[in-house]
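Here are the chains, one letter per residue:
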Amino acid sequence: MRIMVQKFGGTSLSTVQAREHVLRHIKRELEAGLSLVIVVSAMGRRGEPYATDTLLDWAAQNGNALSAREKDLLLCCGEIISATTLSSLLEHENIPTTVLTGAQAGFVTDDNFGNARILDVRPVRVLEELQKDRVVIVTGFQGQTESGDFTTLGRGGSDTSATALGAALHAEMVDIYTDVNGILTADPRIVEDARPLTVVSYAEICNMAHHGAKVIHPRAVEIAMQSQIPVRVRSTFADSEGTLVTHPEGFQDVQTGIVDRYVTGIAYVSNVTQITVDVPGGADRLQLKVFKTMAENSISVDFINVTPSGVVYTVFDSDSEKAIQVLQEIGLKPQSLSGCAKVSVIGGGINGVPGIMARIVESLTLADIQILQSADSNTTIWVLVKKEDMVQALRALHTSFELHL
């Protein structure tokens, strides 16, 4: 069998008109001779009847006392409604379907309810139904523990379900359908001349996802990268091919006239607080004290710079008050700067190329934007700026690296 996995997000299923586009994409691939596995998210967004956030609000309005295990049972309902709705629409078109929950599709997870990790995918039932020439519709975002409890995979879990199934089934392609036309060089709501990318590497999109781009979840990309399953990010509402995510070696298979590039895109994370803990002359085991304290209090840290005399790092604004308090309780005197934003310049061609940081500094200096902190990796350079400078910084860097061309 030639297997394709298609994943449709909540906005792709939330209206009658959107579901008509979904049916069109499914019929097109069936006519091409592909065997289809469809992964679905819960329909809509907060306020709409079956959205995940609406279900969470419902629980909060009715006692707000569900345990994590029982909350996962509730959240699994949204995807089941989406899957059975799509099944009914396809059956009406004389397309035979089988709906499977995450558990029935073979997803085995740990028992970290609310953010479970996939331990294994055993798609025996999926293959059996495909061999009967049926379209298999799988509820994304969910799995089951070895002891039989329902679990959910956390935010972006349906993307992860799709690429994990694609890997387990050795699919030819995983298509992730969203409400945008592929992956863009920047957030089009902020950078008006952001343009769609025809092809990106796994590493590039993984970094973009980790650092603020919300088109696809980084866990999903990592699974695809490990299994070397190509992924396309496409619009539900258009027929374009969208963005192909693959290894750089696969770029030559895409006939787009691509030229070598250093930078692929610009991403951002806003509403972060910079914390500085500095002890003149150094302090014994200071770094260990700081980060162990953050871990013990479940505070996520990012953008870390460590020196012999202190540390500088960021936390989300929502965690900053708690972070300062627990550091003070162990005798430290942290300084904080809230209302910051991390801007990331991402590209597979950055590593070893002189002048990239110089261009970043130049463009931000000309825009009179102060750099509060910086760091880099093989494919990403980060700068921390004040939140009020974020939009101008994104636009300046996008123009400086000619991503609009």
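The structure this text deals with has already been given above.
Quick caveat: nothing in here was measured; it's all calculated off a predicted structure.

A. Structural context of the overall build of the protein chain. A tally of helices and strands in the protein chain yields twelve helices and 18 strands. With respect to the principal axes defined by its C-alpha atoms, the protein chain has extents near 75 × 55 × 35 Å. Scored against the burial criterion, the 405 residues of the protein chain give a buried share of 50%. Partitioning the intrachain contacts of the protein chain with sequence separation of at least 6 by distance along the chain shows that 73% fall at a separation of at least 24. A total accessible area of about 18700 Å² is found for the protein chain, and carbon and sulfur atoms account for 50% of it. Computed over 33 positive and 47 negative side-chain charges, the separation of the two mean positions in the protein chain equals 2 Å.

B. Focus on helix α9 (residues 286-296). The complete set of buried residues in α9 reads Leu286, Val290, Thr293 and Met294. Angularly, the buried residues of α9 cover 100° about the axis, an arc narrow enough to put them on a single face. Turned more than 90 degrees from where α9 packs its buried face, Ala295 and Glu296 sit exposed. Its buried side turned inward, α9 meets β13 (265-278), β15 (310-316) and α10 (317-329). Note on α9: the residue one or two positions beyond its end, Ser298, has a positive phi of about 55°.

C. Here's a closer look at the sheet that holds strand β12 (residues 243-246). What the eight strands build is an open sheet, ordered β3-β6-β2-β1-β9-β11-β12-β10; its pairing is mixed. On the outer flanks of this sheet lie β3 (97-100) and β10 (199-201), each paired with one strand and no other. Each neighbouring strand pair of the sheet contributes to a mean axis angle of 20°, computed without reference to strand direction. In the sheet, strand β1 (residues 3-8) pairs with strand β2 (residues 35-40) via six bridges, with the strands oriented parallel. Counterpart to Ile3 in the pairing with β2 is Ser35. The sheet strands contacting helix α2 (residues 16-31) are β1, β2, β6 (135-139), β9 (173-178) and β11 (231-235), and the helix crosses β1 at an angle near 175°. Relative to β10, helix α7 (residues 202-210) is tilted by about 85°, and along the sheet it contacts β10 and β12.

D. Expanded view of the sheet that holds strand β14 (residues 302-307). Here we have six strands laid out as an open sheet, ordered β14-β15-β13-β16-β18-β17, and antiparallel in their pairing. Each edge of the open sheet carries a strand with a single partner, namely β14 and β17 (373-376). The sheet shows a mean angle of 30° between the axes of neighbouring strands, direction not considered. As paired elements, β14 and β15 share four bridges and run antiparallel to each other.

E. Main features of the environment of Val277. Following the sequence through the fold, Val277 ends up in strand β13. Measuring from C-alpha to C-alpha, the distance between Val277 and Val200 comes to 38 Å, with 77 residues separating the pair along the chain. What Val277 contacts, discounting residues up to four positions off in sequence, is Leu286, Val290, Ser309, Gly310, Val311, Leu327, Leu332 and Pro334.

F. Representation of the side chain of Thr109. Locating Thr109 in the fold gives a position in strand β4 (residues 107-109). Apart from residues lying up to four places away in sequence, Thr109 is in contact with Ala116, Arg117, Ile118, Leu119, Gly143, Gln144, Thr145, Glu146, Thr151 and Leu153.

G. Structural view of the pairing of β12. The alternating pattern of β12 places Thr243 and Val245 on one face and Leu244 and Thr246 on the opposite face, and all of these are buried. Bridging between β10 and β12 involves three bridges; their strand directions are parallel. Looking across to β12, one finds that Val200 is bridged to Val245. Pairing of β11 with β12, which is carried by three bridges, proceeds in the antiparallel orientation. For Val233, the partnering residue across the bridge sits in β12 and is Thr243.

H. Region of interest: the side chain of Asn207. Within the secondary structure, Asn207 sits in helix α7. Looking at Asn207, its side chain comes within polar contact range of the main-chain oxygen of Ala203, at 2.9 Å. Setting aside anything within four residues of it in sequence, one finds Asn207 in contact with Ile346, Thr379 and Thr380.

I. Focus on the layout of surface pockets. Put simply, the largest pocket is a space of about 1400 Å³. Along its surface, the largest pocket is lined by 49 residues, and Arg45, Asp159, Lys214, Val215 and Ile216 are the ones closest to its centre. It is β13 that provides the largest number of residues to the lining of the largest pocket, a total of four residues. Of the residues that constitute the lining of the largest pocket, the class distribution is 20 nonpolar, 18 polar and eleven charged.

J. Structural view of the state of the cysteines. Applying the stated criterion to the full structure yields zero disulfides. Here Cys76 is not cross-linked by a disulfide; its sulfur's nearest cysteine counterpart is in Cys77, at 7.3 Å. According to the relative accessible area criterion, Cys76 is buried, its value standing at 1%.

K. A look at the packing of aromatic side chains. Tallying each qualifying case throughout the model produces two aromatic pairs. When the ring of Phe8 is compared with that of Tyr177, the centres are 4.7 Å apart and the planes differ by 15°; the resulting orientation is stacked. Taken together, the residues Phe8 in strand β1 and Tyr177 in strand β9 connect sequence positions 169 residues apart. The exposure class of Phe8 is buried, given its relative accessible area of 0%.

L. Up close: the packing of helix α11 (residues 356-366) against helix α12 (residues 390-400). Where α11 meets α12, the closest approach of the two axes is 9 Å, and the angle between their N-to-C directions is 130°. Here α11 is positioned oblique relative to α12, judged by the angle of their axes. Here α11 and α12 pass one another in a crossing that is right-handed. Two secondary-structure elements touch here, α11 through Arg359, Ile360, Ser363 and Leu364 and α12 through Ala393, Ala396, Leu397 and Ser400. Looking at the contact of α11 with α12 residue by residue, the classes come out as five nonpolar, two polar and one charged.

Criteria and thresholds
- Residues numbered from 1 in each chain as written.
- Predicted model: local features only at pLDDT ≥ 70, side-chain atom pairs only at ≥ 80, totals over all residues.
- Heavy atoms only, no water.
- Helix = DSSP H or I, 4+ residues; strand = E, 2+ residues; numbered from the N terminus.
- Buried < 20%, exposed > 50% of the residue type's maximum accessible area, 1.4 Å probe, protein only.
- Contact = heavy atoms within 4.5 Å.
- Areas by Shrake-Rupley, 256 points an atom, 1.4 Å probe, with all protein chains shown as cover.
- Lys, Arg positive; Asp, Glu negative; His and termini not counted.
- Charge placed at Lys NZ, Arg CZ, Asp CG, Glu CD.
- Arc of directions from axis to C-beta.
- Pairing = 2+ DSSP bridges.
- Axes fitted to C-alpha atoms, helices over the stretch in contact; angles between N-to-C directions.
- Polar contact = N/O pair within 3.5 Å; in protein donor to acceptor, adjacent residues only side chain to side chain.
- 1 Å grid on protein atoms, 1.4 Å probe; cavity = no way out; pocket = protein on both sides within 12 Å on 5 of 7 lines; lining within 4 Å.
- Points joined across faces, edges and corners; volume = space filled by probe spheres on them.
- Nonpolar A, V, L, I, M, F, W, Y, C, P; charged D, E, K, R; others polar.
- Disulfide = S-S within 2.5 Å.
- Phe/Tyr/Trp six-rings, centres within 6.5 Å; stacked < 30°, edge-to-face > 60°.
- Parallel < 35°, antiparallel > 145°, perpendicular 65-115°, else oblique.
- Left-handed = near helix turned anticlockwise from the far one by under 90°.

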